[in-house]
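Structural overview
So the chains spell out like this:
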Amino acid sequence: MTLRKALAVGISAVVCTGMLGTGCAKEQRGAAAKGTPSPSGPVSGRPAPPSPAARPLPGLGPRTRSEIPAATRQVLLVRGTTTDGNRARAELYQREPGGGWRRAAGPWPAHNGLRGWTRDHWAGDLRTPIGVFTLSDAGGRLPDPDTRLPYDQDPDFSIDGTGHVGEPLEGSFDYVVAVDYNRVRGTTPLDKERPLGEDRGGGVWIHVDHGGPTNACVSLAQPHMRALLRALDPAARPVVVMGPAAALAR
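Residues numbered from 1 in each chain as written. Predicted model: local features only at pLDDT ≥ 70, side-chain atom pairs only at ≥ 80, totals over all residues. Heavy atoms only, no water.

Re the side chain of Asp154
- Of note, Asp154 is situated in the loop between strand 7 (151–153) and strand 8 (176–179).
- Buried and unpaired, Asp154 has no salt bridge, with Arg141 as the nearest side chain of opposite charge at 10 Å.
- Looking at Asp154, its side chain comes within polar contact range of the main-chain nitrogen of Asp156, at 2.7 Å.
- If near-sequence neighbours (up to four positions away) are discounted, Asp154 is found in contact with Gly140, Arg141 and Leu190. (Helix = DSSP H or I, 4+ residues; strand = E, 2+ residues; numbered from the N terminus. Buried < 20%, exposed > 50% of the residue type's maximum accessible area, 1.4 Å probe, protein only. Lys, Arg positive; Asp, Glu negative; His and termini not counted. Salt bridge = Lys/Arg side-chain N within 4 Å of Asp/Glu carboxyl O. Polar contact = N/O pair within 3.5 Å; in protein donor to acceptor, adjacent residues only side chain to side chain. Contact = heavy atoms within 4.5 Å.)

Put into structure tokens, the structure is as follows:
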């Protein structure tokens, strides 16, 4: 081999070695990266499950949600099908640490006022008030079923006669939870004081179902009332959100 050829071979080796140390190596690493999924990227085509913070109360619109106190961690959601209907469904929801909601009990069938629902309740209109109301006091003819709410056992929680479809009313007030509409919180559900006046109605309770529509209350089967009373916790600032679906969706 001539000296000129030997020098050419040596120079070529040096140039190729330099390329492997810079651009060639980078290109090989880049090619390998393209065939390896990023650790932070999706590993499959399935979407990630929603976090608790992404689970809102179902069927509630911005107006209704805005009426729920920020400190509330328990919501009894009672939703009717139509404004004039007297059948509904009740579900108890619990706020998760992340801020979202999970269903803790229900769905339970329920009755409401004979003539449905209203945002402008008056005594004797046979309609249940629409809105968000706190739940602070309970009671009944039967002994305390181990609720954390203040509970007033009293024989005055008694009723007889028949309801709107001829059903017996006896036992309807064995367990009740007072809905804080036109009443003084922190008193027995039997308290008669009406801050808005007698003509605006009152004595709106959640009570034991008697098999027919109510005057203005919401009613649940006795086992469901017992379950509700045991679940409600004053520390969770419980409320009832109730009304027909269309009204609650606003």
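Here's the deal with the environment of Leu135
- Tracing the backbone shows Leu135 in strand 6 (residues 131–140).
- For the pair Leu135 and Ala178, spaced 43 residues apart in sequence, the C-alpha to C-alpha distance is 6.3 Å.
- Excluding anything up to four places from it in sequence, Leu135 contacts Leu149, Val177, Ala178, Val179, Asp180, Ile206, Leu232, Pro238, Val239 and Val240.

Points about the pattern of salt bridges
- On inspection of all chains with the given rule, the structure shows twelve salt bridges.
- One salt bridge connects Glu91 with Arg79, and the closest N-O pair in it is separated by 3.7 Å. One end of the pair, Glu91, is in strand 2 (residues 87–95); the other, Arg79, is in strand 1 (residues 74–80), with twelve residues separating them in the sequence.
- Exposure remark for Glu91: the relative accessible area of 2% places this residue in the buried category.
- For the salt bridge of Glu91 with Arg103, the shortest nitrogen-to-oxygen distance reads 2.8 Å. Taken together, the residues span a long stretch of sequence, with Glu91 in strand 2 and Arg103 in strand 3 (residues 101–111) at a distance of twelve residues.
- A cluster of three or more residues bridged by salt bridges with shared partners is formed by Arg79, Arg89, Glu91 and Arg103.

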